[in-house]
Amino acid sequence: MTVAALNADRAVVVSGATSGIGRGCAERLVEEGARVWALGSRPETVERLRAELPGLAGASACDVSDEAAVAAAFDELRDALGTLDGAFVNAGIDGEGKPAVDLDAAAFRRVLDVNVLGAFLVAREAVRCMEGAGAVVFNASVNAIKPELHFADYNASKAAVASLAQTMALELAPRGIHVVALCPGYVDTPMSAESLRDPERAAEVLAEVPLGRVAQPAEVAVLVSFLLAPQSSYMTGSLVNFDGGRSV
């Protein structure tokens, strides 16, 4: 299959690139000919990605909730790539999967630190690397617009990401930088594997999806590629559902 090279020769950073949706998007963008810089949370997974995806322009390990670590990673990126054309702000963690009254405050804070503050820090540094028009795609979730039972921590974090994306869309439009929030439903990734491994829970999940299946990372990657490309610039400020009809 011929890959539409919407992002050929464009410099793009992908956070959370070592697995799941981020890995699928990094692979797609490399295949298109983009100069991809990958961010991952652990040195060992970053090195594995380097070995398995040799077309990468480079990669850094950092905790996205750590401001100094994010700044250091982007220093490495600037030295190698100079400027950026796009960013897929994807790194995130799941919630506890408990009723709100049973949630642990420290665990809730960690979800917010990674999913919200981490998204902000990566997006902020990426925009600072953009000299002309560009694109920022946040990976929010359908949970941002349709909360899921027993995931108050995750739901709240993704609603904040959606609001952050729309606020930045307003602020950055004069610079020619478009910003959107992708809102996927369940995707076949390591993060969703625990839920989908349990037949009873998997049946509950699929019962809420009109298409009756979860998405694959490669499907998400096609959309992310388009959203990062100049051709999607008029979509700035959009919350883009990709959920098999769950939010309808």
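What this report covers is the structure whose coordinates are included nearby. (Residues numbered from 1 in each chain as written. Predicted model: local features only at pLDDT ≥ 70, side-chain atom pairs only at ≥ 80, totals over all residues. Heavy atoms only, no water.)

**Some words on the overall build of the chain**
Piece 1. Summing up its helical and strand segments, the chain has eight helices and seven strands in all.
Piece 2. Its C-alpha atoms give the chain a radius of gyration of 17 Å, within 12% of the compact-globule value 18 Å for 248 residues.
Piece 3. If one aligns the C-alpha atoms of the chain with their principal axes, the spans along those axes are about 50 × 40 × 40 Å.
Piece 4. Residue burial in the chain is summarised as follows: out of 248 residues, 50% are buried.
Piece 5. For the chain, the proportion of contacts with a sequence separation of at least 24, taken over those separated by at least 6, is 72%.
Piece 6. Accessible surface, the chain as shown: approximately 11000 Å² in total, 54% of it carbon and sulfur. (Helix = DSSP H or I, 4+ residues; strand = E, 2+ residues; numbered from the N terminus. Rg over C-alpha atoms; globule rule 2.2 N^0.38 Å. Buried < 20%, exposed > 50% of the residue type's maximum accessible area, 1.4 Å probe, protein only. Contact = heavy atoms within 4.5 Å. Areas by Shrake-Rupley, 256 points an atom, 1.4 Å probe, with all protein chains shown as cover.)

**What to know about the side chain of Asn115**
Piece 1. By the element assignment, Asn115 lies in helix H4 (residues 105-128).
Piece 2. Residue class for Asn115 comes out buried when judged on its relative accessible area of 1%.
Piece 3. A polar atom in the side chain of Asn115 sits 3.1 Å from the side chain of Ser157.
Piece 4. Residues within four places of Asn115 in sequence aside, it is in contact with Gly92, Ile93, Tyr154, Ser157, Lys158 and Val161. (Polar contact = N/O pair within 3.5 Å; in protein donor to acceptor, adjacent residues only side chain to side chain.)

**Looking at the pattern of salt bridges**
Opposite charge on two side chains lets them pair, provided their charged atoms get close.
Piece 1. For the coordinates displayed, the defined rule picks out 16 salt bridges.
Piece 2. Of the charged contacts, one joins Glu27 and Arg23 as a salt bridge, the two residues approaching to 2.7 Å between their closest N and O atoms. One end of the pair is Glu27 and the other is Arg23, both in helix H1 (residues 20-32) and four residues apart, which spans about a single turn.
Piece 3. Note on Glu27: relative accessible area 35%, which makes it partly exposed.
Piece 4. Given the relative accessible area of 18%, Arg23 is considered buried.
Piece 5. With a shortest N-O distance of 3.1 Å, Arg23 and Glu52 are connected by a salt bridge. Here Arg23 is found in helix H1, whereas its partner Glu52 is found in helix H2 (residues 43-52), with 29 residues between them in sequence.
Piece 6. Through salt bridges with shared partners, a single network forms among Glu67, Asp75, Arg78, Arg124, Glu125 and Arg128. (Salt bridge = Lys/Arg side-chain N within 4 Å of Asp/Glu carboxyl O.)

**Brief notes about the sheet that holds strand E3 (residues 58-61)**
Piece 1. The strand order across the open sheet built from seven strands is E3-E2-E1-E4-E5-E6-E7, with neighbouring strands paired in parallel fashion. What marks the edges here is a single partner per strand, and that holds for E3 and strand E7 (239-242). Sheet twist, expressed as the average angle between the axes of neighbouring strands with direction ignored, equals 15°.
Piece 2. Bridge count for strand E5 (residues 134-139) against strand E6 (residues 177-184) is six bridges, and the pairing is parallel. (Pairing = 2+ DSSP bridges. Axes fitted to C-alpha atoms, helices over the stretch in contact; angles between N-to-C directions.)

**Quick notes on the layout of surface pockets**
Piece 1. Of the pockets and cavities examined, the largest pocket occupies roughly 1000 Å³.
Piece 2. The wall of the largest pocket is formed by 44 residues, among which Ser19, Asn90, Gly92, Ile93 and Met191 lie closest to the centre.
Piece 3. The residue inventory of the lining of the largest pocket, partitioned by class, reads 17 nonpolar, 17 polar and 10 charged.
Piece 4. Approximately 210 Å³ is the volume found for the second largest pocket.
Piece 5. Considering the residues around the second largest pocket, the lining is formed by Gly97, Glu148, Leu149, His150, Phe151, Ser195, Arg201, Glu204, Val205 and Glu208.
Piece 6. For the lining of the second largest pocket, the leading source of residues is helix H7 (residues 199-207), giving three residues.
Piece 7. Broken down by class, the residue content of the lining of the second largest pocket amounts to three nonpolar, three polar and four charged. (1 Å grid on protein atoms, 1.4 Å probe; cavity = no way out; pocket = protein on both sides within 12 Å on 5 of 7 lines; lining within 4 Å. Points joined across faces, edges and corners; volume = space filled by probe spheres on them. Nonpolar A, V, L, I, M, F, W, Y, C, P; charged D, E, K, R; others polar.)

**Concerning the pairing of E6**
Piece 1. Counting buried positions over the eight residues of E6 gives eight, a clear majority of the element.
Piece 2. Residue alternation in E6 divides its side chains into two sets, Ile177, Val179, Ala181 and Cys183 and His178, Val180, Leu182 and Pro184, and both sets are buried.
Piece 3. One crossover worth recording links E5 to the parallel E6 by way of helix H5 (residues 152-172), and it is right-handed. (Right-handed = clockwise from strand over helix to strand, strands pointing away.)

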